[in-house]
Amino acid sequence: MKLVSMSRNALAGGGLLLIALPALAGQGAVASPDQYGAEVAARILKSGGNAVDAAVATAFALAVTYPEAGNIGGGGFMTIYQGGKPYFLDYREVAPKAASRDMYLDKDGKVSPDMSLVGARAAGVPGTVMGLWQAHQRFGKLQWKQLLEPAINYAEQGFTVAARQYQYRDEAVKLFEGKTNFAQYFGKMKGGETFRQPELASTLKRIARYGAAEFYQGDTAKLLVAQMKRDKGLITADDLNDYRAKWREPIKISWRDRMVYTAPPPSSGGIALAQLLGIKQERASDFTGVALNSARYIHLLAEIEKRVFADRADYLGDPDFVKTPAAQLIDPAYLERRAAEINPTAISPTPDIKPGLDPRQTTHFSIVDKWGNAVANTYTLNFDFGSGVVVKGAGFLLNDEMDDFSAKPGVANAFGVVGKDANAIAPGKRMLSSMSPTIVTRDGKVELVIGTPGGSRIFTSIFQVLNNLYDYKLPLKDAVAAQRVHHQLLPKDTIFYDQFAPLAGQAAQELKAMGYTLKDQGWRMGDIQAVRVSGDKTETASDPRGRGVGIVVE
């Protein structure tokens, strides 16, 4: 394989710092959250695989080398641009049949801390293996077995643990201590050392041989159900057997002579991104001459974002269970009306922000192939290492996605986001997400593939990077590295930032004077992975907040 360019975040995952140089368009490219995922994708592209093949292989590889978020025990979304047409695959987890609306409330009707985050009862029915299988069955070129070989090798032979991975593991061991079997499997994971996962290797070999049916009806399914029985979890053989991934129509946004394709419900991300872009366009004059990340700029973003989160809380959920007014929420007339509510000079009082209609750890990778096809894939266990439950004998972690439901209407989840009846728990229902794998095209050709982890910060992070690229004309790597902030209606008048790019100085003083509370959220705000095709150049950018790698290959 000839590597045309490769970039790795300095000091994040170890290794040399290599400078990414533009490469000719028509070549494949990947931006992945770690070096192993990037190298696997590059190898598949070089072998004649297309973007979907590379995505499947990368996802399985990250299930081994990026266990804090990469997974086969979670779920996600995939936005695909294949043969000049957009597609969207929903392989989000679903609530088990035994789940109930009030399952996380105590006898006094209050939400029980950590019940939806730790242990077997926090897990939804996994969708990742079925999603990857369905994507490959529809669009893959290479053999399924070939795509799992790199992941099997990493599980058997091991991979080198990154320093930050070890830090995450240390925090998880403390969180799960005495509650799950996490330490039994990951307690010896140490930065700079080789880590092997023999049980996971065996599981991947079975999936490679028998396909998705093995995970949902075979030996792996039996092992998962046995783990549920030991831990008093809810997932049954029937839950696994009945799981289905779903092809849905992507959200399509006409924007600045471009088309933006992104995630529909049960993600809130696509609708939210459409609202953010549309409202900002309506208030374009407010942004004229405003410096990037100045106090005025951040205030204007907060004014837009609080209205988007108000709509999210009331209207969005699994479209198979609730009527989601997607078309109304992104209708230009509606966005014009919402834009008119914005106060460009002062904070709009939080109690006045109503829904507008009349009655921490995920991972993302972006891939393009030499034929101009693209995949933006975001998948997750929810928080770092999910529920902390490892399926004994199968070696993989289960998600804690049940926290993404509204355990009780109006009560915030672990990301501080409130929801209402539209996102209440129900058997077989998909929990609301913010994941927003996004592809931007111009004249029918892929221009940008982008996405990020970050919970409720996902679509606001993508929105800010788009602003950086298209409004402020920053180079791709600078657009991704720039300061990001976040506001989500509640906590009241609070703007979050991260330590990678603290909100300080004059901008901070002016925002405080306006009445804002500024808060370090305590974790990195996203891990953007982007591929951009511009004229005859293809380039990648991996967020310096993480340890990602970008590769362009011939």
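Residues numbered from 1 in each chain as written. Predicted model: local features only at pLDDT ≥ 70, side-chain atom pairs only at ≥ 80, totals over all residues. Heavy atoms only, no water.

Caption draft 1: Local environment of the overall build of the protein. Across its full length, the protein carries 18 helices and 19 strands. For 554 residues, the compact-globule formula gives about 24 Å, and the C-alpha radius of gyration of the protein, at 22 Å, lands near that figure. Dimensions along the principal axes, computed over C-alpha positions, put the protein at roughly 60 × 60 × 40 Å. For the protein, the proportion of its 554 residues judged to be buried stands at 64%. Total accessible area on the protein stands at roughly 19,900 Å², and carbon and sulfur atoms take up 50% of it. Each charge class in the protein was averaged separately, 65 positive and 58 negative side chains, and the resulting centres sit 2 Å apart. (Helix = DSSP H or I, 4+ residues; strand = E, 2+ residues; numbered from the N terminus. Rg over C-alpha atoms; globule rule 2.2 N^0.38 Å. Buried < 20%, exposed > 50% of the residue type's maximum accessible area, 1.4 Å probe, protein only. Areas by Shrake-Rupley, 256 points an atom, 1.4 Å probe, with all protein chains shown as cover. Lys, Arg positive; Asp, Glu negative; His and termini not counted. Charge placed at Lys NZ, Arg CZ, Asp CG, Glu CD.)

Caption draft 2: Just the pairing of strand β15 (residues 494–497), in detail. Burial of β15 is two-sided: the residues Thr494 and Phe496 facing one way and the residues Ile495 and Tyr497 facing the other way are all buried. Across four bridges, β15 lies against strand β16 (residues 517–520) in parallel orientation. Note that in β16 the partner of Tyr497 across the bridge is Asp520. Regarding topology, helix α18 (residues 505–514) serves as the crossover connection from β15 to the parallel β16, and that connection is right-handed. (Pairing = 2+ DSSP bridges. Right-handed = clockwise from strand over helix to strand, strands pointing away.)

Caption draft 3: Structural context of empty space enclosed by the protein. A volume near 80 Å³ is recorded for the largest cavity. Classifying every residue of the lining of the largest cavity gives eight nonpolar, five polar and no charged. (1 Å grid on protein atoms, 1.4 Å probe; cavity = no way out; pocket = protein on both sides within 12 Å on 5 of 7 lines; lining within 4 Å. Points joined across faces, edges and corners; volume = space filled by probe spheres on them. Nonpolar A, V, L, I, M, F, W, Y, C, P; charged D, E, K, R; others polar.)

Caption draft 4: Geometry of the side chain of Thr350. As for its position among the elements, Thr350 is in the loop between α15 (332–340) and β11 (361–368). Not counting chain neighbours up to four residues away, the residues in contact with Thr350 comprise Lys306, Leu489, Leu490, Lys492 and Asp493. (Contact = heavy atoms within 4.5 Å.)

Caption draft 5: Here's a closer look at the pattern of salt bridges. For the structure on display, the rule yields 30 salt bridges. In this structure, Arg92 engages Glu401 in a salt bridge whose closest nitrogen and oxygen atoms are separated by 3.0 Å. By the burial criterion, Arg92 is buried, and Glu401 matches it. The partner of Arg101 in a salt bridge is Asp421, with the nearest N and O atoms 2.6 Å apart. Linked through salt bridges whose partners overlap, the residues forming this network are Glu303, Lys306, Arg307, Asp311, Arg338, Glu341, Lys492 and Asp493. (Salt bridge = Lys/Arg side-chain N within 4 Å of Asp/Glu carboxyl O.)

Caption draft 6: Representation of the packing of aromatic side chains. Tallied over the full model, the rule gives 22 aromatic pairs. Their ring planes at 45° and their centres at 5.4 Å tell us that Phe77 and Phe88 sit as a pair that is tilted. Here Phe88 lies in strand β5 (residues 85–91) and Phe77 lies in strand β4 (residues 75–82), a separation of 11 residues in the sequence. Among the residues examined, Phe77 registers a relative accessible area of 0% and is labelled buried. Through a chain of ring-to-ring contacts, the aromatic side chains of Tyr36, Tyr154, Phe159, Phe176, Phe182, Phe186, Phe195 and Phe385 assemble into a single cluster. Taking the ring centre of Trp247 as reference, the NZ or CZ of Arg138 above it sits at 4.6 Å. The ring of Phe287 carries the charged tip of Lys280 above its face, separated from the ring centre by 4.6 Å. (Phe/Tyr/Trp six-rings, centres within 6.5 Å; stacked < 30°, edge-to-face > 60°. Lys NZ or Arg CZ within 6 Å of the ring centre and 35° of its normal.)

Caption draft 7: Here's a closer look at helix α13 (residues 295–315). The end-to-end C-alpha distance of α13 is 31 Å, a good match for the 30 Å that 21 residues give at a rise of 1.5 Å each. With 19 of 21 residues buried, α13 lies mostly within the body of the structure. (Expected span 1.5 Å × (residues − 1).)

Caption draft 8: Looking closely at the pairing of β5. Counting buried positions along β5 yields six of seven residues, so the element is predominantly enclosed. Here β4 runs beside β5; their pairing, made up of seven bridges, is antiparallel. If you follow Ile80 over to β5, its bridge partner there is Tyr87. Linking two consecutive strands that pair antiparallel, namely β4 and β5, is a turn of two residues; a positive phi of about 60° is found at Gly83 within it. Pairing between β5 and strand β8 (residues 246–248): three bridges, direction antiparallel.

Caption draft 9: Inspection of the packing of helix α11 (residues 269–282) against α13 at higher detail. Close contact between α11 and α13 brings their axes to 10 Å; oriented N to C, the two are set at 145°. α11 and α13 meet at a crossing whose hand is right-handed. Only Ile304, Glu305, Val308 and Asp311 of α13 make contact with α11, whose side of the interface consists of Ala272, Gln275, Leu276, Ile279 and Lys280. Of the residues contributing to the contact of α11 with α13, the split by class is five nonpolar, one polar and three charged. (Axes fitted to C-alpha atoms, helices over the stretch in contact; angles between N-to-C directions. Left-handed = near helix turned anticlockwise from the far one by under 90°.)

Caption draft 10: Focus on the confidence of the model for the protein. For the protein, per-residue confidence averages 92 on the pLDDT scale, and residues scoring 70 or more make up 94% of the total. In the predicted structure, residues 1–24 sits below a pLDDT of 50 and forms 64 contacts with residues beyond four places in sequence or in another chain. (pLDDT = per-residue confidence, 0-100.)

Caption draft 11: Expanded view of the side chain of Ser436. With respect to the element layout, Ser436 can be found in the loop between β12 (374–382) and β13 (438–442). The exposure class of Ser436 is buried, given its relative accessible area of 1%. A polar side-chain atom of Ser436 sits 2.8 Å from the main-chain carbonyl oxygen of Ser434. With residues near it in sequence (within four places) discarded, Ser436 still touches Thr262, Ala263, Ser267, Gly269, Gly270, Ile450, Ile458, Phe459 and Ile462. (Polar contact = N/O pair within 3.5 Å; in protein donor to acceptor, adjacent residues only side chain to side chain.)

Caption draft 12: Representation of unusual backbone geometry within the structure. A cis geometry characterises the amide bond from Pro265 onward to Pro266, with omega recorded as 20°. With respect to the helices, strands and loops of the structure, Pro266 is situated in the loop between β10 (258–262) and α11. Looking along the chain, the bond that leaves Leu490 and enters Pro491 is cis, with omega of 0°. Relative to the helices and strands, Pro491 resides in the loop between α17 (476–481) and β15. The phi angle at Asn293 is positive, at roughly 60°, despite the residue not being glycine. Within the secondary structure layout, Asn293 lies in the loop between α12 (284–287) and α13. With a relative accessible area of 13%, Asn293 lands in the buried category. Here the phi dihedral of Lys473 falls at roughly 55°; this positive angle occurs in a residue that is not glycine. Tracing the sequence through the fold places Lys473 in the loop between α16 (458–470) and α17.

Caption draft 13: A look at the packing of helix α2 (residues 51–65) against helix α4 (residues 144–157). At a closest axis distance of 8 Å, the pairing of α2 and α4 adopts a crossing angle of 20°. With respect to α4, the axis of α2 lies roughly parallel. For the pair α2 and α4, the crossing hand works out as right-handed. In contact with Asp53, Val56, Ala57, Phe60, Ala61, Val64 and Thr65 of α2, α4 contributes Trp144, Leu147, Leu148, Ala151, Tyr154 and Ala155. Taken together, the residues of the contact of α2 with α4 break down into 11 nonpolar, one polar and one charged. (Parallel < 35°, antiparallel > 145°, perpendicular 65-115°, else oblique.)

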